[in-house]
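# Summary of the model geometry
Each chain, written out:
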Amino acid sequence: MNQIDKGMVFYRFQEEITVKKRIMALSIILALSVSLLTACGSDDTSAVSSSAETEASESEDSGVPQEAYDDVVAYLTDSAVNAEDVVYTVNGQDITASEYFYWIAYEAYYYSYSYYYTYYSYPDLTAELEDGTTMADYVLEDAYYYATMNAAVYSKALEAGVTLSDEYQESYDSYIPDSITSLGEDLWDEAVAAGTVSEDDYGEEEKAAWIEEQGTAQMNLSLLYYGTTREGLEEMYLRNYYYQQYENVLFSEGGEYEITEADIEEYIEEQEVRACRYLLFGDTSDFEDLTDEEKAEYLDQAEACYEDLTALSGEELDEAIIAYAADNPDGNTTGELVYDSSDTVLEDFETLLESLDEGEIGITGKTEDGYYVIIRDTVTAESEFSDSYTVAEQCIDDAYQEMIDQWMSAAEIEDTGVLDDFSVTDFMGNLDALRDLIDGVSSDD
């Protein structure tokens, strides 16, 4: 059976990815954390209490100490730092502890899950590495960079007179309220399905109040999960929106640094961007363990496919590739790949691709996966990398990043000394313990 595993031919695992991609991923990460918490609140969702009653009972309902709700930063630092404390200033812009600790918590999440999806286990971020450092040290290093970079770009945008577009302003203003409503609606649906809430007992106003209350409680848990406050999150998001807005102002059509077709063509050449479609005949999970007869069968299939495709062009070629995919019950025999010089691609695959002219078709020898039939395609501004970024978007991002690097070099960054005695390993231990409480799982389990 023909099989394709894009992960085998193409390894785009980078220790550092572009700033925009990391920043734009934050809303996804937050939404993910919020959704994971929808089962962590009170089991009794059959009644609506007043806001005052909710605040008074929030700790009891969630199992989280009231001190964490009062000031999660102080809770996580044993009262050494408070949420509103300014830890750094960048060109006069304050970075509060609540904003900074969000970045630490986010980076810890990022490192843990990147590690998990590579090694299928979660790392001990506080364990000492061979060089005497810990992964927590790298978490802190990245958090410092992104927090200060965000503030530096924000200050430059304000200096340039940039304001948010109506679309961005509306999105910023509505993000948390809409998230609360979405969370509450999900909880409502779950409660109705479980029979703990009867829709007949609620009018529209009572239902809306229930959704607001339950959604707010879950949002508050999410903020604790990331060691931050609503104010810290809002400040971080505001700077993110200005980050994107300033990029649009600088590089969009009519902007001072508008990217032209010639710029993109130069970028494609300099970055050695390649595009292709391919079919794999083999088994990425255990091809080397197959018998010689089974491997020979895959080779026969690949050679037959190669002969078929080389006789075709245009729409007929496209239709034939689709037909080969349809022959596989898994529907996954073909793939598309766009990559550049920063990526690592299966050597035999890349060697063949480099030998082909655009529009040509080739077949590899035996690889660790099997046999690849490759069709080299033309790279355009709209060609998409595996993360769905187009070549044009990546060209703009890289140009923006070069500009940001210059701003960071010239930025006036002041350390207020608030974190002089801060221990990232202690913080991570406290955060993990808090997350265990939020997840409803004891650290001793």
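Conventions and cut-offs
Residues numbered from 1 in each chain as written. Predicted model: local features only at pLDDT ≥ 70, side-chain atom pairs only at ≥ 80, totals over all residues. Heavy atoms only, no water. Phe/Tyr/Trp six-rings, centres within 6.5 Å; stacked < 30°, edge-to-face > 60°. Buried < 20%, exposed > 50% of the residue type's maximum accessible area, 1.4 Å probe, protein only. Helix = DSSP H or I, 4+ residues; strand = E, 2+ residues; numbered from the N terminus. Contact = heavy atoms within 4.5 Å. Pairing = 2+ DSSP bridges. Axes fitted to C-alpha atoms, helices over the stretch in contact; angles between N-to-C directions. Parallel < 35°, antiparallel > 145°, perpendicular 65-115°, else oblique. pLDDT = per-residue confidence, 0-100. Expected span 1.5 Å × (residues − 1). Core = buried A, V, L, I, M, F, W, Y, C linked by side-chain atoms within 4.5 Å.

For the structure on display, the rule yields 39 aromatic pairs. Between Tyr116 and Tyr117 the ring centres are 5.3 Å apart and the planes differ by 85°, which places this aromatic pair in the edge-to-face class. Looking at Tyr117, the relative accessible area reads 60%, which means it is exposed. Relative to Trp407, the ring of Tyr246 lies with its centre 5.4 Å away and its plane at 15°, an arrangement referred to as stacked. Here Trp407 lies in helix α16 (residues 391-410) and Tyr246 lies in helix α11 (residues 230-251), a separation of 161 residues in the sequence. Accessibility classification places Tyr246 together with Trp407 in one group, the buried group.

Relative to the helices and strands, Ser98 is located in helix α7 (residues 97-119). If we ignore the near neighbours within four places in the chain, the residues touching Ser98 are Val73, Ala83, Gly227, Thr228, Thr229 and Gly232.

Turning next to the sheet that holds strand β9 (residues 413-415). Hydrogen bonds between backbone atoms are what pair the strands of a sheet, whose relative direction is either parallel or antiparallel. Here three strands make up an open sheet; going across it, the order is β3-β2-β9 and the pairing antiparallel. Edge strands, defined here as strands with exactly one partner in the open sheet, are β3 (93-96) and β9. The mean inter-strand angle of the sheet, taken between neighbouring strand axes irrespective of direction, is 25°. Summarising the sheet, strand β2 (residues 86-90) and β9 pair through three bridges and their orientation is antiparallel. By the bridge assignment for β9, Tyr88 is matched with Asp415. The strands touched by helix α8 (residues 135-159) within the sheet are β2, β3 and β9, with β3 carrying the most contacts at an inclination of about 150°.

Take the environment of Ile259 next. Among the structural elements, Ile259 can be located in the loop between α11 and α12 (261-270). Not counting chain neighbours up to four residues away, the residues in contact with Ile259 comprise Phe251, Ile264, Cys395 and Ile396.

This next bit is on the packing of helix α9 (residues 166-194) against helix α10 (residues 204-225). How two helices pack is summed up by the angle between their axes together with the distance between the axes. Remark: α9 packs on α10, axes separated minimally by 7 Å, with the N-to-C direction vectors making an angle of 110°. Judged on the interaxial angle alone, α10 and α9 are roughly perpendicular. In contact with Ile176, Ser179, Ile180, Thr181, Leu183, Gly184, Glu185, Leu187, Trp188 and Ala191 of α9, α10 contributes Lys207, Trp210, Ile211, Glu212, Gln214, Gly215, Thr216, Gln218 and Met219.

Bringing the confidence of the model for the protein into the picture now. The predicted model of the protein averages 84 in pLDDT, with 83% of residues at 70 or higher. Contacts for the low-pLDDT stretch residues 1-57, under 50 throughout, to residues beyond four places or in other chains number 152 contacts.

Given 3.6 residues per helical turn, the α-helix brings residues three or four places apart onto the same face. Its 23 residues place the ends of α7 32 Å apart at the C-alpha level, agreeing with the 33 Å of an ideal helix rising 1.5 Å per residue. Tyr120, located one to two residues past α7, shows a positive phi value of around 60°.

Bringing the nonpolar core into the picture now. Membership of the largest hydrophobic core comes to 87 residues, with the highest contact counts inside it found for Tyr100, Ile104, Leu224, Val391, Tyr400 and Met428. For Val391, the contacting residues outside a window of four places in its chain are Ile264, Tyr267, Ile268, Val273, Val338, Val379, Thr380, Ala381, Ser383 and Phe385. Formed by 16 residues, the second largest nonpolar core is a distinct cluster that contains Leu290, Ala302, Leu309 and Ile321.

The next thing to look at is the pairing of strand β8 (residues 370-377). Within β8, eight of the eight residues are buried, which leaves the element mostly enclosed by the surrounding structure. Across eight bridges, strand β4 (residues 274-282) lies against β8 in antiparallel orientation. Considered in β8, the bridge of Leu280 is made with Tyr372. In terms of strand pairing, strand β7 (residues 361-363) meets β8 through three bridges, oriented antiparallel. For Ile361, the partnering residue across the bridge sits in β8 and is Ile375. Taken together, β7 and the strand that follows it, β8, pair antiparallel across an intervening segment of six residues.

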